Amino acid sequence: LYEYYVSFGQSVPIGTNLTNNFKTGNSLSIVVNTPYRITKVFNVFDFNLTSEIFLKNYKYKKNSNYNSNYNANGFYIILEPENLSTSKINYGIGLCHMNQGSYNKIAPILKLNLETEINLIKFYDFLSNINLLNKNTETRYFIEKIELKIGTSPELFLGFPGKQGDWTSGLDLYMKLNLFNL
């Protein structure tokens, strides 16, 4: 069974080659959980395979060395360790097209996802129990189907457009929502 998520948030620059010249921008991703697995890595770990297609934008600072935004788009293959916890750590590797002004570069990228699931039904039940909301079976059923996750994702881009040998890094702060099962 495939599951589809939309992830949106903020891309925060890390490291001097980004923080000196660019401000926090936006990020948008489509994440697809697949039924595929990798089993018994080092005879211990089982991973689910997930893919992600992303768009990121870091806004240029007016007093920087650049006069246009730094954009990145690409894809990840993500290894998600099998566990039933609401908090997860995932590992990703991918390829990215980076663009800054007239400079373009395709480079490998690495990421780590740290995310946790927000249980909206507990929040709805709490509001219903203290009489701030009227209990409604249809509303509760709808809320049960929503999967909301929040997370952070440090990333390492193995390149920078127009500069040989430079690496860049960023941090995504995001919300991930499963709308396709509603």
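Description of the structure in this document. Owing to the predicted nature of the structure, the values given are computational and were not obtained by experimental measurement.

1. With respect to the nonpolar core
The biggest cluster of nonpolar side chains holds 15 residues, and the ones touching the most others in it are Phe22, Tyr70, Cys96, Met98 and Phe157. Elements supplying a minimum of two residues to this core: strand 4 (45-60), strand 5 (70-81), strand 6 (87-100) and strand 7 (103-118). Ranked by residues supplied to this core, first place goes to strand 5 with 4 residues.

2. Considerations on the pattern of salt bridges
In the structure shown here, the tally under the stated rule is 9 salt bridges. Across the salt bridge formed by Glu52 and Lys111, the nearest N and O atoms sit 2.8 Å from each other. With Glu52 in strand 4 and Lys111 in strand 7, the pair connects residues that are 59 residues apart, well separated along the chain. Summarising the burial analysis for this pair, Glu52 and Lys111 share the class buried. Among the salt bridges present, the one from Arg140 reaches Asp125, with a minimum N-O distance of 2.7 Å. One end of the pair, Arg140, is in helix 3 (residues 137-144); the other, Asp125, is in helix 2 (residues 120-129), and 15 residues separate them in sequence. Judged by its relative accessible area of 22%, Asp125 falls in the partly exposed class. A single salt-bridge network, built from bridges that share partners, covers Arg37, Asp46 and Glu82.

Reading guide: rules and limits
Residues numbered from 1 in each chain as written. Predicted model: local features only at pLDDT ≥ 70, side-chain atom pairs only at ≥ 80, totals over all residues. Heavy atoms only, no water. Core = buried A, V, L, I, M, F, W, Y, C linked by side-chain atoms within 4.5 Å. Buried < 20%, exposed > 50% of the residue type's maximum accessible area, 1.4 Å probe, protein only. Helix = DSSP H or I, 4+ residues; strand = E, 2+ residues; numbered from the N terminus. Salt bridge = Lys/Arg side-chain N within 4 Å of Asp/Glu carboxyl O.

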